[in-house]
Amino acid sequence: MFRTRFAPSPTGYLHIGGVRTALFCWLFARRNQGKFILRIDDTDQERNVEEALAPILAGLRWLGIDWDEGPDVGGPHGPYYQSQRSALYQAAVDELLRRNMAYRDYATTDEIQAERDAAVGEKRDFVYSRRWMAETPDAQRRFEAEGRAAVVRLKMPRAGTLVLEDLIRGRVEFAWAREQDHVIQRADGSCLYHLASVVDDRAMEITHVIRAEEHLSNTPRQVFIAQSLGYELPQYAHLPFVAEPGSKVKLSKRKLDKYFKNRDFASLVEHGRSIARRIGLETSPEEFNPVVVDFYREVGFLPEAIVNYLALLGWSLDDKTEHFHRRELIEHFSLDRVNKAPASFDAVKLQSFQDRHMQELPPERKAAMVIPFLERAGLIPAPATAADRARVEALAVAAGDRIKVAGDVLEFADFFTPDDELSYDEKAFDKRIRHSAGAVELLGRFRATLAEVELFDAGTLERSLHAFVEAEGVPIGQIIHALRVAVTGKGVGLGMFDTLALLGKSRSLRRIDRALGRV
RNA sequence: GGCCCCAUCGUCUAGCGGUCCAGGACACCGGCCUUUCACGCCGGUAACACGGGUUCGAGUCCCGUUGGGGUCACCA
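In what follows, the accompanying structure is described. (Residues numbered from 1 in each chain as written. Chains lettered and ligands numbered in written order. Predicted model: local features only at pLDDT ≥ 70, side-chain atom pairs only at ≥ 80, totals over all residues. Heavy atoms only, no water.)

### Points about the nonpolar core
- If you look at the biggest cluster of nonpolar residues, it comprises 123 residues, and the most contacted ones within it are Leu23, Leu60, Tyr296, Ile306, Phe345 and Leu374.
- Among the elements that line this core, the one with the most residues is helix α1 (residues 16–31), at 10 residues.
- With residues near it in sequence (within four places) discarded, Ile306 still touches Ile16, Trp62, Leu63, Tyr296, Phe301 and Leu350. (Core = buried A, V, L, I, M, F, W, Y, C linked by side-chain atoms within 4.5 Å. Buried < 20%, exposed > 50% of the residue type's maximum accessible area, 1.4 Å probe, protein only. Helix = DSSP H or I, 4+ residues; strand = E, 2+ residues; numbered from the N terminus. Contact = heavy atoms within 4.5 Å.)

Here is the structure:
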C-alpha cells in the first residue's frame, strides 16, 4: 500500500505552489489506491496554529484534495501535529546519540560562524572542526562549567558518496564530505524540521516522499538520519517547483510586488478586486492575489479548473489532451510523466482552463454558483427565493459563456436594480440615443410595437423587431443599440432579445420610457 | 563561491535514434460569423541555447560551454 503525505506549515494561507505539490501527492495516492496523509509541520509555533491552519484545510477541501489521515479526520498514526509529537523526536535523538550518529555540541553560533568565515577566507569548504563536541560526560561537564549549553548535531560521514534514485530525477549523487553536521535539537530541547520529518515519515509509514525540488539538497541529511536509525528509506520524488510568471525563479509570496507589475497577473488581480468591491469583501494585496488559493474561491473560480491547470503544470498525459476532470487525472496520473524543469505560473492560461470548465457547467449549477454573489451584493434577498433562483437560472442561460468566473454575474447587476434606479453609461447613451439620428423616434415607435407583443419571449421578440425594421425600412443597427442602452444603461450586454425577455414586458417598457424621458 | 538540479515556440508541453523541413494548447496576428459583448469557426507568425563527439542517421545518447534555478540556518 502506497502512502504519501503533504506537510504544510500553518502559515495562514494556501500557496498555489504548495497546492500543486499536495495535488501530485494526492493524485499519486489516489491513482494507486493508496493513502494520502496530511501532517502539520508546526515545530516552531509562534502563532495560533488553528487560526493559521484553517485557510489551508479549507483550501484543500475546496479543491477536493481530501486526506485519509490528518487533522479533523484523525487516523491510526496521530497526532498529526508535529508540536504534539516531541516525545518521538526526543527518543530518536537519544537513539542517535546512543548509536554515536549524533553528538552534543557546545559551540556558540559565533564560534561556528568564525570557523565558517575562516573557511571562506581560505577558499575551502567549511567543515566543522568538532572542537566543542562532547562525547563523554566529562567533556560535557567541562563545557557546561564554562556556562555553555549543548545542541545536538548529526555526526555526518566525512567520506563516501550517497547515491539516490529519485523517481523523477533519476540517479543523483552527493559527496558525504560536503554535508554539514546539522543541528537536530536546540539547546532548549526542541527538535528541528529534518529530524521531525524523517521520524514522522517513518512512524506514519510514508512510502513515497513527493515534494518540491528545493528539498533535493536536503535529502542527504534526511537519508543519514533515517539510515542511522535503521529505517527503511522511502522512495523520493522531487517535483520541479512552480516558477514566477514569465520566469524560472521559484514563485514566492514574498515577491508579490514584482508580480503585480506583470500585466496578466495584474489584470487578474484587478478583475478579482472589482468583484470583491461589489460584494463588500475586504481585501489586502497580501492575502487576495493569484498566489493564494483563497483568491480563486472568493471570486468564483471552479476548483476543477484550478486542479486541471495545476496538474498540467509539470505533468502531461500526451501530446494533445489538456482538458481533464478529477476522475481522469486520477486515472492517468503517473510520476514518470512529471517534468524535470520548473514551469512558470501563467494567469492567462489558468483563465482559459476556467473558461472551458465553466462552459460545460449546466445552467442550474452555474446559477447555484452565482447566487451567493448576487446575495452578497444585495441584488437579491438572502436567502434567494424560488422566483429569484428561476430568474438567475434564466440569466445564466442567456449569459452563456459571458460569466467566466461566478463573480462575473455582477456585470449583469442591472437586471436586478429597480427600473427607476438604473444608471447609464453616458458615453453610450450619447452615442446611441441622444446623438444618434432618428434613434429617439424609432425607440418611441418600437415601444408601441413592444406594448402589443403578447408572448414576451426571445423568439417572438426577435420576429417582431425584424418586422418592425423592415416596415420602417431601416437597418437593424439603427435601433438595436439604442434599445440596449435604453433598457440596460450599457452599450454591451447579452443578446438583445434575451435581455428583453429576461426583463419582461412591463419593466422593458418602463425602462424605455425612462430613457426617452431623460433625452 | 561550493554542491546539486534544469535547458523544445512568449508560456504550458509532445517528442523516450529514423515516421520531426518538430505536434498540441494558451497567448498573439489576420479573416469569417454577428445586434454589442462573449463564444465559435478558418488561417498565420513562432522553438530543439551553443560547441564537440557517438552513430549510416541526434531534438532524442555522451562530454564540454553558456545560461537559468535550487540549496548551503539552532526556518520549514
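Having seen the structure, we can now continue with the description.
### Some points on the environment of Ala305
- Among the structural elements, Ala305 can be located in helix α11 (residues 303–312).
- We classify Ala305 as buried; its relative accessible area is 0%.
- Note: C-alpha distance between Ala305 and His323 (18 residues apart in sequence) is 9.0 Å.
- Beyond its immediate sequence surroundings of up to four residues, Ala305 is in contact with Leu350, Phe353, Gln354 and His357.

### Quick notes on the pairing of strand β3 (residues 102–105)
- With four bridges joining them, β3 and strand β5 (residues 151–154) adopt antiparallel strand pairing. Counted as the bridge partner of Ala102 is Leu154 from β5.
- Sheet topology note: the β3/strand β4 (residues 133–134) ladder contains two bridges and is antiparallel. Residue pairing across strands places Asp105 opposite Met133, the latter belonging to β4. (Pairing = 2+ DSSP bridges.)

### A closer look at the protein's contact with RNA strand B
- Taken together, 62 residues lie around RNA strand B, and Ser9, Arg186, Glu322, Asp401 and Arg402 are the ones closest in.
- In RNA strand B, atoms within 4 Å of the protein come from the sugar-phosphate backbone in 75% of cases.
- In the model, a base oxygen of RNA strand B is placed 3.3 Å from a nitrogen or oxygen of the Leu494 main chain.
- Here Gly495 contributes a backbone N or O atom positioned 3.3 Å from a base oxygen of RNA strand B.
- Put simply, the parts of the chain that give the surface near RNA strand B at least two residues each are α4 (109–121), β7 (170–175), α6 (193–203), β12 (343–344), α13 (347–359), α19 (477–488) and α20 (496–503).
- By residue number, the principal contributor to the surface near RNA strand B is α13, which donates five residues. (Near = heavy atom within 4 Å. Polar contact = N/O pair within 3.5 Å; in protein donor to acceptor, adjacent residues only side chain to side chain.)

### Observations concerning the pattern of salt bridges
- Enumeration over the complete set of coordinates arrives at 42 salt bridges.
- Between Asp388 and Arg391 there is a salt bridge, with the nearest N and O atoms lying 3.5 Å from each other. Placement of both Asp388 and Arg391 in helix α15 (residues 386–399) is noted, with a separation of three residues, approximately one turn of the helix.
- Take Arg391: its relative accessible area is 35%, and that puts it in the partly exposed class.
- One salt-bridge network, held together by shared partners, links Arg5, Arg39, Asp41, Arg85, Asp200 and Asp201. (Salt bridge = Lys/Arg side-chain N within 4 Å of Asp/Glu carboxyl O.)

### A short note on empty space enclosed by the protein
- On inspection of all chains with the given rule, the structure shows two cavities of 30 Å³ or more.
- Taken as a whole, the largest cavity spans an internal volume of roughly 40 Å³.
- Contributing to the lining of the largest cavity are Phe412, Asp414, Phe415, Thr488, Lys490, Val492, Gly493, Leu494 and Thr499.
- Classifying every residue of the lining of the largest cavity by side-chain character gives four nonpolar, three polar and two charged.
- Along the walls of the second largest cavity sit Ser274, Ile275, Arg278, Gly407, Leu410 and Glu411, which together make up its complete lining.
- When grouped by side-chain class, the residues that make up the lining of the second largest cavity number two nonpolar, two polar and two charged. (1 Å grid on protein atoms, 1.4 Å probe; cavity = no way out; pocket = protein on both sides within 12 Å on 5 of 7 lines; lining within 4 Å. Points joined across faces, edges and corners; volume = space filled by probe spheres on them. Nonpolar A, V, L, I, M, F, W, Y, C, P; charged D, E, K, R; others polar.)

### Quick notes on helix α18 (residues 458–472)
- The terminal C-alpha atoms of α18, which comprises 15 residues, lie 21 Å apart, in line with the 21 Å expected from a rise of 1.5 Å per residue.
- Among all positions in α18, only Thr460, Leu461, Ser464, Leu465, Phe468 and Val469 are buried. The buried residues of α18 occupy an angular sector of 160° when the element is viewed end-on, so they sit on one face. Exposed positions of α18 whose direction lies more than 90 degrees from the buried face are Arg463 and Glu470. (Expected span 1.5 Å × (residues − 1). Arc of directions from axis to C-beta.)

### What to know about α19
- Over its 12 residues, α19 extends 17 Å from the first C-alpha to the last, a length consistent with the 16 Å expected when each residue adds 1.5 Å.
- Counted residue by residue, α19 has nine buried out of 12 residues, so it is predominantly covered.
- Packed against the buried residues of α19 are α16 (426–434), α17 (439–452), α18, α20 and α21 (505–517).
- Immediately beyond the C-terminal end of α19, within one or two residues, lies Gly489, with a positive phi of roughly 85°.

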